Amino acid sequence: MSTSPRFRSTAVEQAEAVLVEQYPRLVRLAYLTLPDSLGRHGRVLLAHRAVQRALPRRGGAAGPGGPDGSGGALAEVRVRVLRGCLAPAGRTGAALARAGWPPVPPFVWGLRLWPPAGGIEEVARVLAGEPAPVRAAFVLHRVDGLPEETAARLLGAAGAPADAMARALALGVGETLLRELRRPEFDASVVSTRPTDLLRRRRRVRAGWAAAAALAVVAGALAVVDPARPHASLPVAVGVLDPARLERVPAQAWADTARIDFTAWPARGGRTTDRALLGRALGAWASASPPHASAPPQPTPGPPAVGRATPGSNASGPHAVGRAGLGSAALVPAVVGRDARGAADPGRAALGSAALIPAAVGRAGSGAGSLGSGGRPGVAPVAAVGGGVVVRAAPGADTDPPRRTPQLLYAGDSDGRAVVLLLDGDRVVRYAEAVTGRGARELDFARTDEAGVTTAAALTLVRSPDGGRARYLLAPWIAAAGTRDLLRAGEDTKPLALAADGVTAPVEVPRSAGACAAWPALEVTSSARIVEKHSFVLADLGTLTPVHLTYTPLPDGPGAAAARQPREATGAAARAAWAATACRLPEMRGMRDGGVRAVNIWEFASSELPDGGGRAVWSCTRTSSWAGPGDVLVRLSPAAGPPQDVARAPDTAACGRFGQHLLAGTRWRSPAGRWYLLAAGSREVTGITASGAVRAEARGRTLAAPAGPEAAAVELTGRLASGGRVTALDGGSGGRD
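Residues numbered from 1 in each chain as written. Predicted model: local features only at pLDDT ≥ 70, side-chain atom pairs only at ≥ 80, totals over all residues. Heavy atoms only, no water.

Caption draft 1: Fine view of the overall build of the protein chain. Looking only at helices and strands, the protein chain has 16 helices and 30 strands in total. Expressed as a percentage of the 737 residues in the protein chain, the buried residues total 52%. Taking the contacts inside the protein chain whose residues are at least 6 apart along the sequence as the reference set, 67% of them involve residues at least 24 apart. By element, 55% of the accessible surface of the protein chain is carried by carbon and sulfur atoms, the whole surface being about 32,200 Å². (Helix = DSSP H or I, 4+ residues; strand = E, 2+ residues; numbered from the N terminus. Buried < 20%, exposed > 50% of the residue type's maximum accessible area, 1.4 Å probe, protein only. Contact = heavy atoms within 4.5 Å. Areas by Shrake-Rupley, 256 points an atom, 1.4 Å probe, with all protein chains shown as cover.)

Caption draft 2: Local environment of the sheet that holds strand S24 (residues 663-669). Taken together, three strands build an open sheet; the order of strands is S24-S25-S28 and the sheet is antiparallel. Only two strands of the sheet have a single neighbouring strand rather than two, namely S24 and strand S28 (702-706). With direction set aside, neighbouring strand axes in the sheet form an average angle of 20 degrees. Here seven bridges tie S24 to strand S25 (residues 675-681), and the two strands are oriented antiparallel to one another. Bridged to Gly 665 within S25 is Ala 679. (Pairing = 2+ DSSP bridges. Axes fitted to C-alpha atoms, helices over the stretch in contact; angles between N-to-C directions.)

Caption draft 3: Geometry of the environment of Arg 511. Tracing the backbone through its elements, the reader meets Arg 511 in the loop between strand S15 (507-508) and strand S16 (520-526). Along the backbone, Arg 511 and Asp 466 are 45 residues apart, and their C-alpha atoms lie at a distance of 9.9 Å.

Caption draft 4: Here's a closer look at the sheet that holds strand S12 (residues 469-474). Ordered in space as S11-S12-S15, the three strands form an open sheet in which the pairing is antiparallel. The sheet is open, and its two edges are formed by strand S11 (458-463) and S15, each paired on a single side. Of the pairings in the sheet, the one linking S12 to S15 comprises two bridges and is antiparallel in character. Among the inter-strand pairings, Ala 470 is bridged to a residue of S15, identified as Val 507.

Caption draft 5: View of the pairing of strand S9 (residues 427-434). Within S9, eight of the eight residues are buried, which leaves it mostly tucked inside the rest of the structure. Residues Arg 427, Val 429, Tyr 431 and Glu 433 line one face of S9 and the alternating positions Val 428, Arg 430, Ala 432 and Ala 434 line the opposite face, and both faces are buried. Here eight bridges tie strand S8 (residues 417-424) to S9, and the two strands are oriented antiparallel to one another. Residue pairing in the sheet places Leu 422 in a bridge with Val 429 of S9. The turn joining S8 and S9, which pair antiparallel and follow one another in sequence, is formed by two residues; a positive phi near 65 degrees is taken by Gly 425. Counted between consecutive antiparallel strands, the loop separating S9 from strand S10 (residues 441-447) contains six residues, among which Gly 437 sits at a positive phi close to 85 degrees.

Caption draft 6: Spatial organisation of the packing of helix H4 (residues 72-86) against helix H8 (residues 148-157). H8 packs onto H4 with a crossing angle of 50 degrees between their chain directions and a minimal axis gap of 9 Å. Taken as axis vectors, H4 and H8 run oblique relative to one another. For the pair H4 and H8, the crossing hand works out as right-handed. Residue-level inspection shows Ala 75, Arg 78, Val 79, Leu 82 and Arg 83 of H4 in contact with H8, the latter providing Leu 154, Leu 155 and Ala 157. Taken together, the residues of the contact of H4 with H8 break down into six nonpolar, no polar and two charged. (Parallel < 35°, antiparallel > 145°, perpendicular 65-115°, else oblique. Left-handed = near helix turned anticlockwise from the far one by under 90°. Nonpolar A, V, L, I, M, F, W, Y, C, P; charged D, E, K, R; others polar.)

Caption draft 7: Inspection of helix H14 (residues 275-287) at higher detail. Its 13 residues give H14 an end-to-end C-alpha distance of 18 Å, which sits within 8% of 18 Å, the value for a rise of 1.5 Å per residue. Most of H14 sits out of view: ten of its 13 residues are buried. By the burial criterion, the buried members of H14 are Leu 277, Leu 278, Gly 279, Arg 280, Ala 281, Leu 282, Gly 283, Ala 284, Trp 285 and Ala 286. At the N-terminal boundary of H14, the capping side chain belongs to Asp 274, with an oxygen 3.2 Å from the backbone nitrogen of Ala 276. (Expected span 1.5 Å × (residues − 1). Polar contact = N/O pair within 3.5 Å; in protein donor to acceptor, adjacent residues only side chain to side chain.)

Given below as structure tokens:
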């Protein structure tokens, strides 16, 4: 008995509806099943390709099961997705898939794609060493929540081996990460993009045109372009760089939107209608073509940690935890533009032919620079000119021309400088010139990926010549502002005067050299129209975007609190924690990958020290970058004496949203002169075991065991309440559960 064409068509339409509705979950299944040897870009493209090709043809076979939840259209689509992902196995299949064969949509040219940090990428790293059928079984059963029998039936229909489900059940992945993936708002089909190598792409295009017969036609077309109208054939570029077309947001837009970030900032300042100033700013931006920055310096070896490494000796004072060479890069002179202000029409002069020349994307590394005349670490100078334009970029910020019409945030005069602030997607650009005279002009770039209420609350407007004071432009939702010294936890916040356009009075900023005697910071309060009684702290690390400081209290004891996101650094405990840590902030200025977005102090454990050493607090300070990864520093703060550095790790998820399980250990010398191995774990740790030179075991979240006077290799392992294991953070492979 055959099925009529009408019913066959209905089945295909049902499958299409299921595919569209379940698209993010199907993409997640495909991405995690595909081999990691394809690279993130290739896996993203092939995952979407496998899902889109999973639509059955008319008259296709029915799915494994009936119309219930275990079969029907969704089951058939899942099987077809799995078949498409398990097919490119072996070297030949992987090579064809990497080359884009067969040539079916989607096609992407000129962009590199990858999933955002955390979430699906974290699971992909955990499953990296497992075969594709095992990864598929894990996603179906543990992530999608299918019963074991249903998942096994789908795998069998897709041609997976029979033992795939059994091997997937043995994998240990934290429930916290799985819960994040199952959240309704999580969308696995969302990707991040960046351009490919623009210079290499340009060379290939030129070589192709030179070899093609169409070159003669193109040359003829270019020959007839009217020389009096050099931009007539490129209206899009002219529109992007036209001051009259800059995007401007209404003054009260921030109070009527659910998206509170830089896109809600109105255009403020006394020169928002000055087309000549805006034209010079856009022209300098478009004509700047800085050389590529040198590779960032590698981190220096930090203090030895107890974990999978040899523990070091007891430290009696603070140790450097930043990266080697931060703040040591020198300015690289290069002419990047001409001063167009002498032209009859400065706005049009700045938009000359240089405005249409694509600038190379410059990736800034760590270095020294300045926003204004005062030098400061944390900003990489990309190019400098005596009478032209000085171009600088925060780590990870590209300096290519605007991709679309920028949004105007500010244009006005401040302390003898004419300043223009522009927003272009996920970056903010600051242009500055002297109000009078012909001094050097400046162009600064900063990343603003996924900025929010706190991270989009302020921008540095201008700095004093000596770099000791600065003015800030605050977000329109900031109702009040003040200053305080982070080193003096007991002092009250001093009110800070604000102009009508949101510009602050001059504020003292931390000095980049000399003794750490004070650390000024901003404490601002959001409008009640956004959130009631919400104050937070911002610190100036020398870039356009001040850094958000937060605090997470101990999970037990008098200040205990339920697990949740970091708190604002405004309470008494937070003030005390930052008073002991603020002087370490200079080491965090020049993160390689994306600049500093926020710094959080997480006090994850406390323990009684042996021989009457008192109570000590274990903390993890995480410096998060705009790009996602972060650097962490674990410290032990005894009741008496300075804190002791325990361990640090670069480019890690530890001590963050996707790294909530932590174990650390160190050697410590008691007041009686005896050496001990100390260890502590985070909230979910229920026991700690030490092996190697020191053998000990303890229930609970802390351990203290006698140790010899000489350092020797010790390995620490923590048991989690979920039954899993976590190793000690050591800057290497340790620190993962």
